[in-house]
Amino acid sequence: MNQYMYQLSGNIASTEKNPIVSANGEQVAYVARIYSNRLKRLLDGYFDYRYFLTYEIIDLSGDVTFRISKKFRRGKLWFEAFSYSKQERYTITYENWRVGLPELAIHWPGGIMKIDKQMEGWSTFTVNDEIIARWQAVYVEAEDVFQVVLQIEPDSPVQQMDFFVAISQAALFIGS
(Lines give C-alpha, C1' and ligand atoms only; values in the text may rest on other atoms or scores of the structure.)
Protein backbone atom coordinates (compact mmCIF):
# COMPACT_ATOMS: atom_id res chain seq x y z
CA MET A 1 0.00 0.00 0.00
CA ASN A 2 1.30 3.45 -0.92
CA GLN A 3 0.85 6.07 1.78
CA TYR A 4 1.21 9.86 1.62
CA MET A 5 0.88 12.56 4.27
CA TYR A 6 0.58 16.33 4.24
CA GLN A 7 -0.66 19.22 6.35
CA LEU A 8 -2.93 22.05 5.32
CA SER A 9 -3.70 25.25 7.13
CA GLY A 10 -7.09 25.43 8.79
CA ASN A 11 -7.35 28.85 7.15
CA ILE A 12 -9.46 28.06 4.09
CA ALA A 13 -8.20 31.21 2.34
CA SER A 14 -4.58 30.01 2.40
CA THR A 15 -2.82 29.67 -0.95
CA GLU A 16 0.47 28.28 0.40
CA LYS A 17 2.14 25.35 -1.33
CA ASN A 18 2.11 22.46 1.14
CA PRO A 19 4.53 19.55 0.78
CA ILE A 20 3.24 16.01 0.24
CA VAL A 21 5.47 13.37 1.83
CA SER A 22 5.61 9.62 1.10
CA ALA A 23 5.58 6.99 3.86
CA ASN A 24 9.39 6.86 3.85
CA GLY A 25 9.58 10.62 4.57
CA GLU A 26 10.54 11.71 1.06
CA GLN A 27 8.86 14.84 -0.30
CA VAL A 28 7.11 13.96 -3.59
CA ALA A 29 5.00 17.01 -4.55
CA TYR A 30 3.05 20.03 -3.32
CA VAL A 31 -0.67 20.77 -3.03
CA ALA A 32 -1.96 24.34 -3.27
CA ARG A 33 -5.22 26.23 -3.60
CA ILE A 34 -4.89 28.70 -6.46
CA TYR A 35 -6.77 31.60 -8.02
CA SER A 36 -6.42 32.57 -11.68
CA ASN A 37 -6.68 36.28 -10.81
CA ARG A 38 -7.15 38.75 -7.94
CA LEU A 39 -10.81 39.40 -8.74
CA LYS A 40 -11.69 35.73 -8.26
CA ARG A 41 -9.82 35.68 -4.95
CA LEU A 42 -11.64 38.80 -3.79
CA LEU A 43 -15.05 37.42 -4.83
CA ASP A 44 -14.26 34.06 -3.25
CA GLY A 45 -13.65 35.84 0.07
CA TYR A 46 -17.13 37.29 -0.21
CA PHE A 47 -18.54 33.76 -0.73
CA ASP A 48 -16.65 32.24 2.25
CA TYR A 49 -13.85 30.85 0.03
CA ARG A 50 -16.07 28.11 -1.38
CA TYR A 51 -17.00 29.30 -4.86
CA PHE A 52 -13.90 29.81 -7.03
CA LEU A 53 -12.18 26.68 -5.80
CA THR A 54 -9.17 25.29 -7.66
CA TYR A 55 -6.50 22.96 -6.32
CA GLU A 56 -3.28 22.02 -8.06
CA ILE A 57 -0.75 19.31 -7.42
CA ILE A 58 2.72 20.54 -8.33
CA ASP A 59 5.73 18.27 -8.78
CA LEU A 60 9.12 19.05 -7.27
CA SER A 61 10.29 20.79 -10.45
CA GLY A 62 7.35 23.22 -10.27
CA ASP A 63 5.15 21.72 -13.00
CA VAL A 64 1.43 21.23 -12.43
CA THR A 65 0.54 17.52 -12.65
CA PHE A 66 -3.16 17.67 -11.71
CA ARG A 67 -5.79 20.41 -11.39
CA ILE A 68 -9.36 20.31 -10.06
CA SER A 69 -11.86 23.17 -10.16
CA LYS A 70 -15.35 23.64 -8.76
CA LYS A 71 -17.99 24.56 -11.36
CA PHE A 72 -21.47 26.07 -11.07
CA ARG A 73 -23.90 26.47 -13.95
CA ARG A 74 -27.67 26.67 -14.04
CA GLY A 75 -27.98 25.65 -10.40
CA LYS A 76 -25.79 22.55 -10.79
CA LEU A 77 -22.52 21.88 -9.01
CA TRP A 78 -19.69 19.63 -10.18
CA PHE A 79 -15.90 19.48 -10.40
CA GLU A 80 -13.74 19.27 -13.47
CA ALA A 81 -10.30 17.74 -13.14
CA PHE A 82 -7.40 17.22 -15.52
CA SER A 83 -4.33 15.03 -15.21
CA TYR A 84 -1.45 16.64 -17.09
CA SER A 85 0.66 13.50 -16.77
CA LYS A 86 -2.00 11.19 -18.25
CA GLN A 87 -3.75 13.82 -20.41
CA GLU A 88 -7.13 12.67 -19.06
CA ARG A 89 -10.21 14.64 -18.01
CA TYR A 90 -12.43 13.69 -15.10
CA THR A 91 -15.83 14.92 -13.99
CA ILE A 92 -16.83 14.64 -10.35
CA THR A 93 -20.55 14.96 -9.69
CA TYR A 94 -23.04 14.59 -6.89
CA GLU A 95 -25.24 11.56 -7.52
CA ASN A 96 -28.62 10.97 -5.86
CA TRP A 97 -28.64 14.51 -4.48
CA ARG A 98 -32.43 14.69 -4.64
CA VAL A 99 -33.01 11.62 -2.47
CA GLY A 100 -31.12 12.46 0.70
CA LEU A 101 -27.39 11.97 1.11
CA PRO A 102 -25.60 12.70 -2.14
CA GLU A 103 -22.62 10.60 -3.23
CA LEU A 104 -19.62 11.94 -5.05
CA ALA A 105 -18.99 10.05 -8.28
CA ILE A 106 -15.84 10.37 -10.39
CA HIS A 107 -16.45 9.76 -14.08
CA TRP A 108 -13.17 8.62 -15.61
CA PRO A 109 -12.11 6.56 -18.64
CA GLY A 110 -12.24 3.38 -16.51
CA GLY A 111 -15.87 3.90 -15.49
CA ILE A 112 -17.34 5.40 -12.33
CA MET A 113 -15.56 5.66 -9.01
CA LYS A 114 -17.51 6.55 -5.84
CA ILE A 115 -16.32 8.57 -2.86
CA ASP A 116 -17.81 7.80 0.52
CA LYS A 117 -16.94 11.02 2.36
CA GLN A 118 -16.91 10.80 6.15
CA MET A 119 -16.63 13.84 8.40
CA GLU A 120 -14.75 11.75 10.96
CA GLY A 121 -12.78 8.64 10.20
CA TRP A 122 -11.65 7.36 6.82
CA SER A 123 -13.30 8.42 3.59
CA THR A 124 -13.01 5.87 0.80
CA PHE A 125 -12.71 5.70 -2.97
CA THR A 126 -14.45 2.62 -4.39
CA VAL A 127 -14.75 0.94 -7.78
CA ASN A 128 -17.37 -1.81 -8.07
CA ASP A 129 -17.85 -1.67 -4.27
CA GLU A 130 -14.16 -2.44 -3.69
CA ILE A 131 -12.07 0.07 -1.73
CA ILE A 132 -9.11 1.21 -3.82
CA ALA A 133 -7.96 4.17 -1.68
CA ARG A 134 -8.79 5.92 1.56
CA TRP A 135 -8.00 9.28 3.10
CA GLN A 136 -8.47 10.92 6.44
CA ALA A 137 -8.19 14.57 7.44
CA VAL A 138 -7.81 15.23 11.15
CA TYR A 139 -8.09 18.81 12.36
CA VAL A 140 -5.55 19.75 15.04
CA GLU A 141 -7.09 22.77 16.73
CA ALA A 142 -3.97 23.78 18.70
CA GLU A 143 -2.01 24.18 15.45
CA ASP A 144 -4.96 25.15 13.20
CA VAL A 145 -3.97 22.51 10.62
CA PHE A 146 -5.47 19.49 8.95
CA GLN A 147 -3.20 16.46 9.02
CA VAL A 148 -4.11 14.38 6.01
CA VAL A 149 -3.20 10.75 5.27
CA LEU A 150 -3.86 9.08 1.92
CA GLN A 151 -3.51 5.33 1.35
CA ILE A 152 -3.68 3.78 -2.13
CA GLU A 153 -4.23 0.03 -2.41
CA PRO A 154 -1.72 -1.90 -4.57
CA ASP A 155 -4.51 -3.22 -6.83
CA SER A 156 -6.09 0.22 -7.41
CA PRO A 157 -6.65 0.93 -11.12
CA VAL A 158 -5.42 4.49 -10.41
CA GLN A 159 -2.02 4.75 -8.74
CA GLN A 160 -1.44 8.48 -9.25
CA MET A 161 -1.18 10.17 -5.87
CA ASP A 162 -2.01 13.55 -7.44
CA PHE A 163 -5.42 12.25 -8.59
CA PHE A 164 -6.47 11.24 -5.06
CA VAL A 165 -4.96 14.26 -3.26
CA ALA A 166 -6.60 16.86 -5.52
CA ILE A 167 -10.03 15.23 -5.39
CA SER A 168 -9.77 14.72 -1.63
CA GLN A 169 -8.90 18.38 -1.12
CA ALA A 170 -11.86 19.56 -3.17
CA ALA A 171 -14.19 17.24 -1.24
CA LEU A 172 -12.68 18.23 2.14
CA PHE A 173 -12.96 21.97 1.81
CA ILE A 174 -16.22 22.41 0.00
CA GLY A 175 -18.38 19.34 0.26
CA SER A 176 -21.30 21.09 -1.38
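Everything discussed here concerns the structure shown above.
Let me begin by describing the structure that accompanies this report. (Residues numbered from 1 in each chain as written. Predicted model: local features only at pLDDT ≥ 70, side-chain atom pairs only at ≥ 80, totals over all residues. Heavy atoms only, no water.)

1. Side note on the overall build of the chain
Secondary structure summary: the chain contains two helices and 12 strands in total. Counting from the amino terminus, the chain carries its helices and strands in the arrangement β-β-β-α-β-β-β-β-β-β-β-β-β-α. The C-alpha atoms of the chain give a radius of gyration of 15 Å, which matches the 16 Å a tight globule of 176 residues would have. Based on the C-alpha atoms only, the size of the chain along its principal axes is roughly 45 × 40 × 35 Å. When burial is assessed residue by residue, the chain has 44% of its 176 residues classed as buried. Of all intrachain contacts in the chain linking residues separated by at least 6 positions in sequence, the fraction that spans at least 24 positions is 38%. Of the roughly 9,800 Å² that the chain leaves accessible, carbon and sulfur atoms contribute 49%. A gap of 12 Å separates the mean positions of the 18 positive and 21 negative side-chain charges of the chain. (Helix = DSSP H or I, 4+ residues; strand = E, 2+ residues; numbered from the N terminus. Rg over C-alpha atoms; globule rule 2.2 N^0.38 Å. Buried < 20%, exposed > 50% of the residue type's maximum accessible area, 1.4 Å probe, protein only. Contact = heavy atoms within 4.5 Å. Areas by Shrake-Rupley, 256 points an atom, 1.4 Å probe, with all protein chains shown as cover. Lys, Arg positive; Asp, Glu negative; His and termini not counted. Charge placed at Lys NZ, Arg CZ, Asp CG, Glu CD.)

2. Some remarks on the pattern of salt bridges
The full count for this structure, using the stated rule, is two salt bridges. Taking the shortest distance from any N to any O, the salt bridge between E56 and R67 comes out at 2.1 Å. Here the residue E56 occupies a position in strand β4 (residues 54-59), and R67 occupies one in strand β5 (residues 64-73), the gap between them amounting to 11 residues. Looking at R67, the relative accessible area reads 29%, which means it is partly exposed. Across the pair R134 and E153 runs a salt bridge, and its minimum N-O distance is 2.6 Å. On the criterion of sequence distance, the pair formed by R134 in strand β11 (residues 130-140) and E153 in the loop between β12 (145-152) and α2 (161-173) is long-range, its members being 19 residues apart. Relative accessible area serves as the criterion here: at 18%, R134 is assigned to the buried category. (Salt bridge = Lys/Arg side-chain N within 4 Å of Asp/Glu carboxyl O.)

3. Re the environment of E88
Following the sequence through the fold, E88 ends up in strand β7 (residues 88-95). With 11 residues separating them along the chain, E88 and L77 place their C-alpha atoms 21 Å apart. Other than its neighbours up to four places away in sequence, E88 contacts A81, F82, S83 and P109. Reaching out from E88, the side chain makes a polar contact with the side chain of Y90 at a distance of 2.7 Å. (Polar contact = N/O pair within 3.5 Å; in protein donor to acceptor, adjacent residues only side chain to side chain.)

4. Considering the pairing of strand β6 (residues 76-83)
Counted residue by residue, β6 has six buried out of eight residues, so it is predominantly covered. Alignment of β5 against β6, held across eight bridges, turns out to be antiparallel. From the neighbouring strand, K70 faces β6, where its bridge partner is F79. Following β5, the chain reverses through two residues before pairing antiparallel with β6; R74 in that reversal takes a positive phi of roughly 50°. Of the strand pairs in this sheet, β6 and β7 are connected by six bridges, and their pairing is antiparallel. By the bridge assignment for β7, F79 is matched with I92. Between the end of β6 and the start of β7, which pair antiparallel, lie four residues, with Q87 showing a positive phi angle near 55°. (Pairing = 2+ DSSP bridges.)

5. A short note on the sheet that holds strand β9 (residues 111-116)
Hydrogen bonds between backbone groups are what pair the strands of a sheet, and the pairing can be parallel or antiparallel. Taken together, the 12 strands give a closed barrel; going around it, the order is β1-β2-β3-β4-β5-β6-β7-β8-β9-β10-β11-β12, and neighbouring strands pair in antiparallel fashion. Each neighbouring strand pair of the sheet contributes to a mean axis angle of 20°, computed without reference to strand direction. Of the pairings in the sheet, the one linking strand β10 (residues 123-127) to β11 comprises five bridges and is antiparallel in character. Among the inter-strand pairings, T124 is bridged to a residue of β11, identified as R134. (Axes fitted to C-alpha atoms, helices over the stretch in contact; angles between N-to-C directions.)

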